[in-house]
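Reading the structure
In case you want the letters, here they are:
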Amino acid sequence: MALGCNRFQKASAVLAVVLACVLCAPCAARSHRYAAQLESATAAAEEEAQWFIQRLDHFNGAEARVWKQRYFVNDTFYRPGGPVFLMIGGEGPANPAWMQYGTWLLYAQKLGALCLLLEHRFYGKSHPRDPPKERKKERKKERVSLTRPFRFMNTRWCYKPWSRLNQERNLHRSKYLEVVWRSLAAENPECPLVVKKASDTLVERLNDPKTYDNITKDFRLCSKLQIQSKMDSAYLLESLAGNFMDVVQYNEDNRAFEGVVGTNITIKVLCSVMLDSSLGEPYDRYAAVARLMQNTFSQACINTQYKSYIQDMSNTSWSGPEAGGGRQWVYQTCTEFGFYQSTDSPNQPFSGFPLHYHLQQCADIYNLSTSLDDAIQQTNEEYGGYDIRTTRIVFPNGSIDPWHALGVTRDITSDLLAVFIKGTAHCANMYPARAEDLPQLSLARDHIFIMLQKWLAE
Ligand SMILES: *[C@@H]1O[C@H](CO)[C@@H](O)[C@H](O)[C@H]1NC(C)=O
Ligand SMILES: *[C@@H]1O[C@H](CO)[C@@H](O)[C@H](O)[C@H]1NC(C)=O
Ligand SMILES: *[C@@H]1O[C@H](CO)[C@@H](O)[C@H](O)[C@H]1NC(C)=O
Ligand SMILES: *[C@@H]1O[C@H](CO)[C@@H](O)[C@H](O)[C@H]1NC(C)=O
Ligand SMILES: *[C@@H]1O[C@H](CO)[C@@H](O)[C@H](O)[C@H]1NC(C)=O
Ligand SMILES: *[C@H]1O[C@@H](CO)[C@H](O)[C@@H](O)[C@@H]1NC(C)=O
């Protein structure tokens, strides 16, 4: 959350607060189950959507073309002269449920703020023009809305996108899965060990085609398992490990209002399955977890063919299967920030989907062969990485959330503040408060509010 500098053309001095959070799991390979639910939640509030005539290219003054960017407004609490809260949408369709629920509305009520939710360009229904292409020329345009300043509502917003700091750390060592290990171990130290055992057994069986019929049945694959390349096995292993990543990332978050199902599947539930020896060997329990997730998300079977994933991801139609965000997100990982949930570190439970597997997708989907290292370096130079030089930002993160490994968890200066919440998951502070919240979560929300009040008064 950042207090931005901005300038309304008409009003004299309006203070603005920018909120941003990567709100849905950026794991395109596994995003389908959420995407469908969000789609229906989004459809319900479709009539409330508004459209802003946006410039196609903020970098090029000679570029006159415009397009329509989707946004939502809640002015219920607005008092003239009050601040403006701008929530920047994440890597998927903007969900208008945020206009009715969430901690920011409570802050808005107390401060008389106007609330705006702006859908991120290229995601959801905000289509600048053609779907993202491979051509180099396009790349800068995709970067635009991540880059300050940008224009919205006759205002230039100066915005440091704090949620995407220092990407290089995730490129070579998967911190993400290391936190998954620690979060499972916090529930029960045995839990990640059993997960590792199960994953290792599965990897071993993949070397023996005689086991494929059993694997197909045990994990309810949509078609008989075929492993023709390392990419095939990587995709299968990543999909199954994804069950754990998703649950850890959102553990016990109060996000049912977003239309998400399965919020009662928590780390506790997964670990209780993994530690239940009546279900058989660790491998069998791993399969039981996969079936539990399929039942929860009403999936009859799972498609684990790398080829069909690539086909879906390569579809450039705006009505294509990954057009809501999967294709765009992975494109950004390939050209801007890495952010891979890879298995290169030994200190995590899974194996078989290393960095190389993710980089290969950049070639297979977008025919990209450029150096990701260079792209990441450029991104960090542009945004400052950890060497961020600005003022009045709070960086909230939860210790259970694997993404905190990329976040700011210690104060940088007296007005670049970390709010590191022990025991909570991804973006927990943004969800509506409820009775079961950990005391440190309630304190974090209060602390953020106090900073907001202080900065708005300055
Ligand atoms: C704004 O938020 C309040 C509080 O949640 C809600 O009651 C109201 O319906 C919202 N208004 C709009 C236009 O979404
Ligand atoms: C497949 O599973 C069955 C039942 O658990 C087991 O008896 C059989 O040995 C397995 N086959 C292979 C090739 O592992
Ligand atoms: C989660 O909630 C669903 C729907 O209410 C229920 O059917 C299921 O048994 C619950 N699962 C667990 C593990 O609590
Ligand atoms: C892309 O997706 C659309 C919508 O699902 C489909 O009609 C079209 O055939 C797909 N195109 C390709 C090349 O697969
Ligand atoms: C992929 O890129 C290479 C080099 O940039 C180009 O020669 C080739 O035609 C491209 N292939 C496809 C399928 O677009
Ligand atoms: C803190 O970590 C960063 C870096 O990964 C994420 O992008 C943020 O979404 C996360 N913030 C919260 C509030 O969970």
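Only a predicted model underlies this, so the values are computations on that prediction, with no experimental measurement involved. (Residues numbered from 1 in each chain as written. Chains lettered and ligands numbered in written order. Predicted model: local features only at pLDDT ≥ 70, side-chain atom pairs only at ≥ 80, totals over all residues.)

Considerations on the overall build of the chain
Which entries qualify depends on this criterion: Secondary structure elements follow DSSP: runs of H or I no shorter than four residues count as helices, runs of E no shorter than two count as strands, and numbering proceeds from the N terminus. Using C-beta atoms placed from the backbone, we call a residue buried if 20 or more other C-beta atoms fall within 10 Å of its own, exposed if 12 or fewer do, and partly exposed for counts in between. Throughout, a residue-residue contact means that the two C-beta atoms, derived from backbone geometry, are no farther apart than 7 Å.
Summing up its helical and strand segments, the chain has 15 helices and 10 strands in all. Evaluated residue by residue, the chain yields a buried proportion of 45% over its 458 residues. Residue pairs in contact within the chain that sit at least 24 positions apart in sequence constitute 71% of those at least 6 positions apart.

Some points on the confidence of the model for the chain
In plain terms, the rule: Across the chain, each position has a pLDDT score giving the predictor's confidence in that residue, from 0 to 100.
Residues with a pLDDT of 70 or more make up 81% of the chain, whose mean pLDDT is 85. This model gives residues 3–14 a pLDDT under 50, and the stretch forms 23 contacts once residues within four places in sequence are excluded. A low-confidence stretch, residues 22–38 stays under pLDDT 50, and its non-local contacts, those more than four residues away or across chains, total 44 contacts.

Things to note about helix α9 (residues 267–274)
Here is the rule: Arc definition: directions from the helix axis to the C-beta atoms.
All of the buried residues in α9 are Ile267, Leu270, Cys271 and Met274. Considered in projection along α9, the buried side chains sweep an arc of 95° and stay on one side of the axis. On its buried face, α9 is in contact with α5 (175–187), α6 (190–205), α8 (230–249) and α10 (282–296).

Some words on the packing of α5 against α6
Rule in force here: Interaxial angles span 0 to 180 degrees and are taken between N-to-C directions of axes, which are lines fitted to C-alpha atoms, for helices over the stretch in contact. Orientation labels follow simple angle bins: below 35 degrees gives roughly parallel, above 145 gives roughly antiparallel, 65 to 115 gives roughly perpendicular, and whatever is left gives oblique.
Taken N-terminus to C-terminus, the directions of α5 and α6 make an angle of 125°; their axes are 6 Å apart at the nearest point. Overall, the two elements α5 and α6 adopt an arrangement that is oblique. Two secondary-structure elements touch here, α5 through Trp181, Leu184, Ala185 and Glu187 and α6 through Cys191, Pro192 and Val195.

What about unusual backbone geometry?
Of note in the backbone geometry, Arg220 takes a positive phi value of approximately 50° without being a glycine. Turning to its location among the elements, Arg220 is positioned in the loop between α7 (212–218) and α8. For Ser298, which is not glycine, the phi dihedral falls at a positive 50°. Inspection of the secondary structure assignment puts Ser298 in the loop between α10 and α11 (306–314).

Details of the packing of helix α12 (residues 326–337) against helix α13 (residues 355–366)
Spelled out, the test is: Left-handed describes a crossing in which the near helix is turned anticlockwise from the far one by less than a right angle; the clockwise case is right-handed. The nonpolar class holds Ala, Val, Leu, Ile, Met, Phe, Trp, Tyr, Cys and Pro. Asp, Glu, Lys and Arg form the charged class, and all remaining residues, Gly among them, are polar.
Two elements in contact, α12 and α13, have axes separated by 10 Å at closest approach and are oriented at 120°. Taken as axis vectors, α12 and α13 run oblique relative to one another. By crossing handedness, the relation of α12 to α13 is classed as left-handed. Contact residues: Val330, Tyr331 and Cys334 in α12; Gln361, Cys362, Ile365 and Tyr366 in α13. A breakdown of the residues in the contact of α12 with α13 according to their chemical character gives 6 nonpolar, 1 polar and no charged.

Here we look at the nonpolar core
Convention followed: Among buried residues, those of type Ala, Val, Leu, Ile, Met, Phe, Trp, Tyr and Cys that are joined through C-beta atoms within 7 Å form a set called a nonpolar core.
Formed by 93 residues in total, the largest nonpolar core has its most connected members in Phe85, Met87, Leu116, Leu117 and Val180. Counting residues per element, this core draws most heavily on α8, at 10 residues. Setting aside residues no more than four positions away along its own chain, Leu116 makes contact with Tyr71, Val73, Val84, Phe85, Leu86 and Met87.

Thoughts on the environment of Val260
On the secondary structure map, Val260 appears in the loop between α8 and α9. On the neighbour-count criterion, Val260 (18 C-beta atoms within 10 Å) is partly exposed. The spacing of Val260 and Phe297 is 37 residues in sequence and 9.7 Å in space, taken between C-alpha atoms.

Here's the deal with α6
Formally: One fewer than the residue count of a helix, multiplied by 1.5 Å, yields its expected span.
Spanning 16 residues, α6 covers 23 Å between terminal C-alpha atoms, matching the ideal 22 Å at 1.5 Å per step. Residues of α6 that are buried: Cys191, Pro192, Val194, Val195, Ala198, Ser199 and Leu202. Buried residues in α6, looked at end-on, bunch into an arc of 160°, giving them a common side. Where the residues of α6 are buried, they touch α5, α8, α9 and α10.

Some words on the pairing of strand β4 (residues 66–74)
To be explicit about the condition: Criterion used throughout: strands pair if DSSP finds at least two bridges between them.
Where strand β3 (residues 50–55) and β4 come together, 6 bridges link them in antiparallel fashion. Its bridge partner being in β4, Gln50 is matched across the sheet by Tyr71. Judged from the 4 bridges that link them, β4 and strand β6 (residues 114–118) form a sheet pairing that is antiparallel. Counterpart to Tyr71 in the pairing with β6 is Leu118.

Observations regarding the environment of Ala94
Relative to the helices and strands, Ala94 is located in the loop between β5 (84–88) and α2 (103–111). Separated by 22 residues in the primary sequence, Ala94 and Phe72 have C-alpha atoms spaced 8.8 Å apart. Apart from residues no more than four positions distant in its own chain, Ala94 is found in contact with Arg70, Phe72, Gly89, Leu117, Glu119 and Gly124.

Details of the environment of Leu275
By the element assignment, Leu275 lies in the loop between α9 and α10. Each C-alpha atom, one on Leu275 and one on Glu190, is 7.8 Å from the other, the two residues being 85 residues apart in sequence. Apart from residues lying up to four places away in sequence, Leu275 is in contact with Asn188, Glu190, Cys191 and Val194.

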